[in-house]
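The primary structure of each chain is shown beneath.
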Protein chains: 2
Amino acid sequence: VDPTLLREARERIAPYLSPTPLVDAHALSRRTGVRARLKLESLQPTGSFKVRPAFNGLLSRLPEAQARGVLCSSSGNFAQAVAFAARELGVSATIVMSSATSKFKVERTRALGAEVVSCGPRFEDRWETTRRLQEETGRLLLHPFDSPETVAGDATIGLELLDQLPGGVTVAVPVSGGGMLAGVACALRAARPGCRIIGVQPRANASMARSLAAGERVNVGAFTTVADALVAAMPGELTFSLARKLVDDLVLVDEEEILAAVRFLAEEQKLVAEPGGAVAVAALLAGRLPGREAVCVISGGNVRLGELFR
Amino acid sequence: VDPTLLREARERIAPYLSPTPLVDAHALSRRTGVRARLKLESLQPTGSFKVRPAFNGLLSRLPEAQARGVLCSSSGNFAQAVAFAARELGVSATIVMSSATSKFKVERTRALGAEVVSCGPRFEDRWETTRRLQEETGRLLLHPFDSPETVAGDATIGLELLDQLPGGVTVAVPVSGGGMLAGVACALRAARPGCRIIGVQPRANASMARSLAAGERVNVGAFTTVADALVAAMPGELTFSLARKLVDDLVLVDEEEILAAVRFLAEEQKLVAEPGGAVAVAALLAGRLPGREAVCVISGGNVRLGELFR
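Bear in mind that the values here come from a model prediction, so they are computed numbers and not experimental data. (Residues numbered from 1 in each chain as written. Chains lettered and ligands numbered in written order. Predicted model: local features only at pLDDT ≥ 70, side-chain atom pairs only at ≥ 80, totals over all residues. Heavy atoms only, no water.)

### Examining the pairing of strand β8 (residues 196–202) of chain B
Residue and element names in this part refer to chain B.
Logical step 1: With 6 of its 7 residues buried, β8 lies for the most part within the structure.
Logical step 2: Where strand β7 (residues 170–174) lies against β8, 5 bridges are found, and the strand directions are parallel. In the strand pairing of β8, Ala172 is matched with Ile198.
Logical step 3: In terms of strand pairing, β8 meets strand β9 (residues 249–253) through 5 bridges, oriented parallel. Paired with Val200 across the two strands is Val251, which belongs to β9. (Buried < 20%, exposed > 50% of the residue type's maximum accessible area, 1.4 Å probe, protein only. Helix = DSSP H or I, 4+ residues; strand = E, 2+ residues; numbered from the N terminus. Pairing = 2+ DSSP bridges.)

Quick look at the structure:
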């Protein structure tokens, strides 16, 4: 992805989104012996980093979006983000969400004024329904991870880290389709060669890890994970090729480790993270991140903790 | 309080504590129509602003503290903060905590290596036990709110706001004994005359509000509130006299309003705040803060949400 696209993305979204804070995580540092910092994407409007690619995608083709409306498919966080950005920009939004998506996320997407179209629970069902709707309606399609505009929007996290980080550290990010991983790697790889860039996935969905190991994109098929934001069963073409070139390693975490990280963040760091948003912290707590200093991206906070810890 | 004390406090604590972020609170702004920002003291080590006065108090008289040990009384957050700062600075800590204090806070204080001495549940029991122990042991006594060092430590919140805030806004802070209110008012009143400085208390404990209305310090006697950090039944002498001179208004919030604010912060802003830490947000949500722009200080996050919302 052309570095110009990244800079343009940052300028485009700046009037709508403030940089998110990078905070020292004292309790996490004490517990792990690694100097830990957290990048709080959970503080974004709609509670996840997905507003970055949503605004970048819509603003890249705003007249078209306003004339034709926008369409996307999402496990829940991109849905809310597109609904929010569309409302802010006067665009009509239709969003395809799986019947397996958390009710919390569906309700919130509807509350933001988007039309939600339900589809079957498989990863493929979302794409089939979305393709069909795109043909029928002619709406502008935004991809949740596998387009240059989305990767560039995600990359603005990395551009902010360049301003916020003193030197070379380990940067760990949650991985589903790989948009954030690819974007952060694009922003940091050349500019900060001392940084190690690590993707983290639930072991239940090791789609990017297995693809990188195989040297080609692997579809892992059906699985379940508490990390309902990390359900892409296969990385994107663009995100896979960028990850191959730019990423240092992929790390896997177990379901209990993810839940322990969510609990640690709430009790010790006073932050609400959803399971998918906490996997990088889970990797740190499990001792699976290299180096003496780490940044973990908290990618989202869309969960009701009471429902998780009944 | 001499402005020099405030600047000295800031310099003293700087090697130990980073400034806390001031973040845009999108969901809160949308809900209230007021541009809302949150000052996240919940992200401090030990999860509350109290590490500021704890470090300032100990560092002001460090050789004495190291030779004699330190003693304080606390409803729970100052306890953890003094235990933490004492451990960092090689000081032995004894802390008087009421039998009414949340177990969560007692456990954490012990886990930080402090000796916890239990006393009766009344506000007065804490002072009697503390005075007796001070006579017996000769330890350095740190006051949780009513000393120049504590007010100056609390005031560093206001000094950071001077750097972080563009202009004159409403600044709302939780009030128990009035240390943070007095400190923030000292830092902002002269430097930023366009700011309105508002204290917020649970209606169940309107000690500062009633004292200001009466023109003298009032002890409100026994009460119960979910805000277990805001249990001082009477303001301090110093904090009362500073509040009289420097504070614009006191606002009261009901118990259900406090719980609604805790829930809103968790679900919509992805932040864990304890009830006492959320009262400024409760006032904003209840429409009780003046002005079009508000900063609410989230003073602490020491609570298990699962226990609060069973």
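### Comments concerning the sheet that holds β7(B)
Residues and elements named next belong to chain B.
Logical step 1: Spatially, the 6 strands line up as an open sheet ordered β1-β2-β10-β7-β8-β9, and their pairing is mixed. Each edge of the sheet is formed by a strand with only one pairing partner; in this case those strands are β1 (22–24) and β9. Averaged over all pairs of adjacent strands, the angle between their axes in this sheet comes to 30 degrees, without regard to strand direction.
Logical step 2: Across 6 bridges, the pairing between strand β2 (residues 35–40) and strand β10 (residues 293–298) is parallel. Within the sheet, the bridge partner assigned to Leu38 lies in β10 and is Cys296.
Logical step 3: Running at roughly 140 degrees to β9, helix α10 (residues 207–214) makes contact with β8 and β9 of the sheet. (Axes fitted to C-alpha atoms, helices over the stretch in contact; angles between N-to-C directions. Contact = heavy atoms within 4.5 Å.)

### Examining the nonpolar core
Logical step 1: Of all hydrophobic cores here, the largest spans 78 residues; its most connected members are A:Leu38 and B:Leu38.
Logical step 2: Not counting the four nearest positions on each side in its chain, B:Leu38 is found in contact with B:Pro21, B:Leu22, B:Val23, B:Ala25, B:Leu28, B:Leu265, B:Leu271, B:Val281, B:Cys296 and B:Ile298.
Logical step 3: Ranked by size, the runner-up nonpolar core spans 38 residues in total, among them B:Ala152, B:Ala185, B:Cys186 and B:Val297. (Core = buried A, V, L, I, M, F, W, Y, C linked by side-chain atoms within 4.5 Å.)

### A look at the sheet that holds strand β1 (residues 22–24) of chain A
Residue and element names in this part refer to chain A.
Logical step 1: With mixed pairing, the 6 strands of this open sheet are ordered in space as β1-β2-β10-β7-β8-β9. Both edges of this open sheet fall to β1 and β9 (249–253), since each of them pairs with a single strand only. Looking at each pair of strands side by side, their axes are set apart by 30 degrees on average, direction ignored.
Logical step 2: Strands β7 (170–174), β8 (196–202), β9 and β10 (293–298) of the sheet are contacted by helix α9 (residues 179–188), whose axis makes an angle of about 155 degrees with β7.

### Observations regarding the interface of chain A and chain B
Accessible area lost upon the coming together of the parts is a frequently used measure of interface size.
Logical step 1: Taken together, the contact between chain A and chain B spans 27 residues of the former and 27 residues of the latter.
Logical step 2: Between chain A and chain B the total buried area reaches about 2100 Å² when both faces are included, carbon and sulfur atoms providing 54% of it.
Logical step 3: Its largest share of buried area at the contact with chain B, chain A owes to A:Arg30, A:Leu43 and A:Lys270, together 30% of the area lost on that side.
Logical step 4: Across the salt bridge formed by A:Arg304 and B:Glu267, the nearest N and O atoms sit 3.3 Å from each other.
Logical step 5: Our enumeration of links across chain A and chain B arrives at 12 residue pairs in polar contact (both at pLDDT 80 or more).
Logical step 6: Residue contributions to the side of chain A that touches chain B peak at 3 residues, all from helix α12 (residues 255–268) of chain A.
Logical step 7: For the side of chain A that touches chain B, the per-class residue count stands at 11 nonpolar, 8 polar and 8 charged. (Buried area = accessible area lost by both parts, 1.4 Å probe. Salt bridge = Lys/Arg side-chain N within 4 Å of Asp/Glu carboxyl O. Polar contact = N/O pair within 3.5 Å; in protein donor to acceptor, adjacent residues only side chain to side chain. Nonpolar A, V, L, I, M, F, W, Y, C, P; charged D, E, K, R; others polar.)

### Section: helix α5 (residues 77–89) of chain B
The α-helix advances 3.6 residues per turn, and as a result positions three or four apart in sequence lie on the same side.
Residue and element names in this part refer to chain B.
Logical step 1: For α5, spanning 13 residues, the distance from its first C-alpha to its last is 18 Å, which sits close to the expected 18 Å at 1.5 Å a residue.
Logical step 2: Among the 13 residues that make up α5, 11 are buried, leaving the element largely enclosed by the rest of the structure.
Logical step 3: All buried positions along α5 are accounted for by Asn77, Phe78, Ala79, Gln80, Ala81, Val82, Ala83, Phe84, Ala85, Ala86 and Leu89.
Logical step 4: Taken from the residues just after α5, Gly90 is the one with a positive phi, measuring 70 degrees. (Expected span 1.5 Å × (residues − 1).)

### Points about the relation of the copies chain A and chain B
Logical step 1: Structural alignment of chain A on chain B gives an RMSD of 0.0 Å, achieved by rotating through 180 degrees and translating 0.0 Å along the axis. With respect to symmetry, the two chain copies, as superposed, fit the operation of a two-fold axis. For chain A, the smallest separation between a C-alpha atom and the rotation axis is recorded for A:Leu271, amounting to 2.4 Å.
Logical step 2: Both copies contact each other with a shared surface, as 100% of the interface residues of chain A are interface residues in chain B too. (Least-squares fit on C-alpha atoms with pLDDT ≥ 70 in both.)

### As for the environment of A:Gly179
Residue and element names in this part refer to chain A.
Logical step 1: Inspection of the secondary structure puts Gly179 in helix α9.
Logical step 2: In this structure, the C-alpha to C-alpha distance between Gly179 and Asp154, residues 25 residues apart in sequence, is 6.5 Å.
Logical step 3: If sequence neighbours within four positions are ignored, Gly179 has contacts with Phe145, Val151, Asp154 and Thr239.

### Here's the deal with the pattern of salt bridges
Logical step 1: By the definition in use, this model includes 40 salt bridges over all chains.
Logical step 2: Measuring nitrogen to oxygen at the nearest pair gives 2.8 Å for the salt bridge that ties B:Arg61 to B:Glu64.
Logical step 3: Look at B:Arg61 and you get partly exposed, because its relative accessible area is 41%.
Logical step 4: Taken together, the salt bridges that share partners define one network made up of A:Lys39, A:Glu41, A:Arg52 and A:Glu160.

### Notes on helix α10 (residues 207–214) of chain A
Logical step 1: Of the residues making up α10(A), those classed as buried are A:Ser207, A:Met208, A:Ala209 and A:Ser211.
Logical step 2: Within two residues after α10(A), A:Gly215 carries a phi angle of roughly 80 degrees, on the positive side.

### Some details on the pairing of strand β2 (residues 35–40) of chain A
Residue and element names in this part refer to chain A.
Logical step 1: Counting buried positions over the 6 residues of β2 gives 5, a clear majority of the element.
Logical step 2: Note that β1 and β2 share 3 bridges and pair antiparallel. If you follow Val23 over to β2, its bridge partner there is Leu38.

### What to know about the packing of helix α3 (residues 51–60) of chain B against α5(B)
All names here are of chain B.
Logical step 1: Running from N to C, α3 and α5 cross one another at 45 degrees; their axes reach a closest spacing of 8 Å. Put simply, α3 runs oblique to α5. Two packed elements cross with a definite hand, and for α3 against α5 that hand is right-handed. Only Phe78, Ala81, Val82, Phe84, Ala85, Ala86, Glu88 and Leu89 of α5 make contact with α3, whose side of the interface consists of Val51, Pro53, Ala54, Phe55, Leu58 and Leu59.
Logical step 2: By residue class, the composition of the contact of α3 with α5 is 13 nonpolar, no polar and 1 charged. (Parallel < 35°, antiparallel > 145°, perpendicular 65-115°, else oblique. Left-handed = near helix turned anticlockwise from the far one by under 90°.)

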